[in-house]
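Structural description and commentary
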Amino acid sequence: MAKVLLADDDVVMSNSIRDWLVFEKHVVETTEDGEAALALLSTYTYDVIILDWEMPKLSGIEVCRRFRAKGGSTPILFLTGRDAVIDKETGLDSGADDYITKPFHVRELSARVRALLRRPTGPPKAVLKAGVLELDPSTRKVRKLGQELELPRQEYALLEFFMRNANRVLSQELIMERVWSTEFPCSPETFRTCLKKLRGKVDDEGAPSMIKNLHGVGYILEVKD
């Protein structure tokens, strides 16, 4: 389960890849040009980036170079019809982690995405703690008093966002923007439903919720030292 940015101007191929990755429980955002991809990368955090080599406005190579120049460490997989060794060298030297030549089977691409997700991209991510809750980003597991909680993808993402921003007041608009895909934006009703389900799993029955609603302002996950 990962958040993936897919940048490819071939709409048919892009839709096929997106549908398969979504089937495998990933959150996928798509764009059709390099400038839009770079803008998304400057605003959001992804677990894997899939870039087509040749795109309108800005090539995948240039997107990769600029992203790496700004310190971006997210694994990058290139899609391209070029199969010459010199092209592969160019792609990898620009900062890509892997390279797949068209045509390819979506299962192979999916396997490469899984391989990239297994690679460490920096220091081990610290386990997040909030009261009796522990969330391990490396395994995507959540425990309450040592007992693992079964959280669907969106509930997990919502809890992780709250825990990473503990003791901060977060507007509903900000939460919806950062936790849900921009391609499939969240409605206020969807947000409230997801939050209600999450509260039902992390809160003690009859006790005040850990995630407090500040009327007219937003929400806060209060964590005491």
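All of the points below concern the structure found in this document. As the structure is a prediction and not an experimental result, all values here were calculated from the model. (Residues numbered from 1 in each chain as written. Predicted model: local features only at pLDDT ≥ 70, side-chain atom pairs only at ≥ 80, totals over all residues. Heavy atoms only, no water.)

This paragraph deals with the sheet that holds strand β7 (residues 133–136). Strand order in the open sheet made by the four strands is β6-β7-β8-β9, with antiparallel pairing throughout. Because the sheet does not close on itself, it has two edges, and the strands there are β6 (128–130) and β9 (147–149). For this sheet the average axis-to-axis angle between neighbouring strands, irrespective of direction, equals 25°. In this sheet, β7 lies alongside β6 in antiparallel orientation, the contact comprising three bridges. Bridge pairing in β7 links K129 to E134. Across the sheet, helix α6 (residues 153–164) touches β6, β7 and β8 (141–144), and the angle it forms with β7 is around 105°. (Pairing = 2+ DSSP bridges. Helix = DSSP H or I, 4+ residues; strand = E, 2+ residues; numbered from the N terminus. Axes fitted to C-alpha atoms, helices over the stretch in contact; angles between N-to-C directions. Contact = heavy atoms within 4.5 Å.)

Further remarks concern the environment of A69. By secondary structure assignment, the location of A69 is in helix α3 (residues 60–69). Looking at A69, the relative accessible area reads 68%, which means it is exposed. For the pair A69 and G95, spaced 26 residues apart in sequence, the C-alpha to C-alpha distance is 9.2 Å. (Buried < 20%, exposed > 50% of the residue type's maximum accessible area, 1.4 Å probe, protein only.)

Interhelical geometry of α6 versus helix α7 (residues 172–179) gives an angle of 125° and a closest axis separation of 10 Å. With respect to α7, the axis of α6 lies oblique. In this structure, α6 crosses over α7, and the sense of that crossing is right-handed. From α6, Q154, A157, L158, F161 and F162 reach across to α7, where they touch L174, I175, R178 and V179. Across the contact of α6 with α7, the residue classes tally to seven nonpolar, one polar and one charged. (Parallel < 35°, antiparallel > 145°, perpendicular 65-115°, else oblique. Left-handed = near helix turned anticlockwise from the far one by under 90°. Nonpolar A, V, L, I, M, F, W, Y, C, P; charged D, E, K, R; others polar.)

Moving on: the sheet that holds strand β1 (residues 3–7). Strands sit in the order β2-β1-β3-β4-β5 across an open sheet of five strands; the sheet is parallel. Of all the strands in the sheet, just β2 (27–31) and β5 (98–101) have a single pairing partner and so form its edges. Shown here is a sheet whose adjacent strand axes are inclined to one another by a mean of 20°, direction ignored. Looking at chain direction, strand β4 (residues 76–80) and β5 are connected through four bridges and run parallel. When the bridges of β5 are listed, L77 appears paired with D98.

What follows concerns the nonpolar core. L158, L159, F162, M163, I175, F191 and L221 are the most contacted members of the largest nonpolar core, which has 29 residues in total. Secondary-structure elements contributing two or more residues to this core are β6, β7, α6, α7, α8 (188–202) and β11 (218–221). Ranked by residues supplied to this core, first place goes to α6 with six residues. Beyond its immediate chain neighbours, meaning those up to four positions away, F191 contacts L158, Q172, I175, M176, W180, C186 and Y219. One finds A37, L40, L41 and L58 within the second-largest nonpolar core, a separate group that totals 21 residues. (Core = buried A, V, L, I, M, F, W, Y, C linked by side-chain atoms within 4.5 Å.)

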